[in-house]
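# Structure at a glance
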Amino acid sequence: GFVFVPFRNSKLTRILKDGLCGNSKTAMIATVSSNSYQYSHTVNTLKYADRAKEIKTHVRRNMGTVDTHITEYQRMIDSLQSEVLELRRELQMR
């Protein structure tokens, strides 16, 4: 079933959100320093990595056809082209 994952409000978490709860396998590499000046950053990194390793995902194979993807992308392209035309018209009116 659906499991809610409470994400922190941080740039790193937002970047990793799709990988951590999406349909993918994700590897995390935590970079730490032995320098005492970086102690607090190292501790925070290790805590974050420890929490992140507890997140479990269930990967499923995407069962779509090439034609389905092409149709979806064509729909997106058409929509974006329409939006560009609309915005150009608005700019010309100003």
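Going by the structure above, here's the rest.
Note that this is a predicted model, so its numbers are computed, not measured.

Next up on the list: the overall build of the protein. Scanning the protein for helices and strands turns up 3 helices and 0 strands. Mapped in sequence order, the helices and strands of the protein form the string α-α-α. Taken over 94 residues, the protein has a buried fraction of 9%. Summarising the internal contacts of the protein: among those between residues at least 6 apart in sequence, 54% fall at separations of at least 24. Within the structure as shown, the protein displays about 9000 Å² of accessible surface, and the carbon and sulfur contribution to it stands at 56%.

What follows covers helix H2 (residues 39-52). End to end, H2 covers 20 Å across 14 residues, agreeing with the expected 20 Å (1.5 Å per residue, within 8%). Within the sequence span of H2, burial applies to Thr42, Tyr48, Ala49 and Ala52. End-on, the buried residues of H2 take up no more than an arc of 130 degrees, which puts them together on one face.

Let us look at a nonpolar patch on the surface. Residues Tyr73, Met76 and Ile77 make up a contiguous nonpolar surface patch of roughly 310 Å² in combined accessible area. With respect to the helices, strands and loops of the structure, Tyr73 is situated in helix H3 (residues 66-93).

For the rest of this paragraph, the subject is the pattern of salt bridges. Enumeration over the complete set of coordinates arrives at 1 salt bridge. Note that Lys53 is salt-bridged to Asp50, the shortest N-O span being 3.2 Å. For Lys53, a relative accessible area of 52% corresponds to the exposed category.

Let us look at the side chain of Thr42. Relative to the assigned elements, Thr42 resides in helix H2. On the accessibility criterion, Thr42 (12% relative accessible area) is buried. With residues up to four places along the chain from it excluded, the contact list for Thr42 reads Val32 and Ser33.

Inspection of the secondary structure puts Met28 in the loop between helix H1 (11-21) and H2. For the pair Met28 and Ala52, spaced 24 residues apart in sequence, the C-alpha to C-alpha distance is 8.4 Å.

This next bit is on the environment of Thr31. You can see Thr31 is positioned in the loop between H1 and H2. Of the residues examined, Thr31 reaches a relative accessible area of 66% and is grouped as exposed. Between the C-alpha atoms of Thr31 and Thr42, which are 11 residues apart in sequence, the distance is 7.8 Å.

Reading guide: rules and limits
Residues numbered from 1 in each chain as written. Predicted model: local features only at pLDDT ≥ 70, side-chain atom pairs only at ≥ 80, totals over all residues. Heavy atoms only, no water. Helix = DSSP H or I, 4+ residues; strand = E, 2+ residues; numbered from the N terminus. Buried < 20%, exposed > 50% of the residue type's maximum accessible area, 1.4 Å probe, protein only. Contact = heavy atoms within 4.5 Å. Areas by Shrake-Rupley, 256 points an atom, 1.4 Å probe, with all protein chains shown as cover. Expected span 1.5 Å × (residues − 1). Arc of directions from axis to C-beta. Patch = residues over 30% accessible without salt bridge, like charges linked within 9 Å, V, L, I, M, F, W, Y side chains within 5 Å. Salt bridge = Lys/Arg side-chain N within 4 Å of Asp/Glu carboxyl O.

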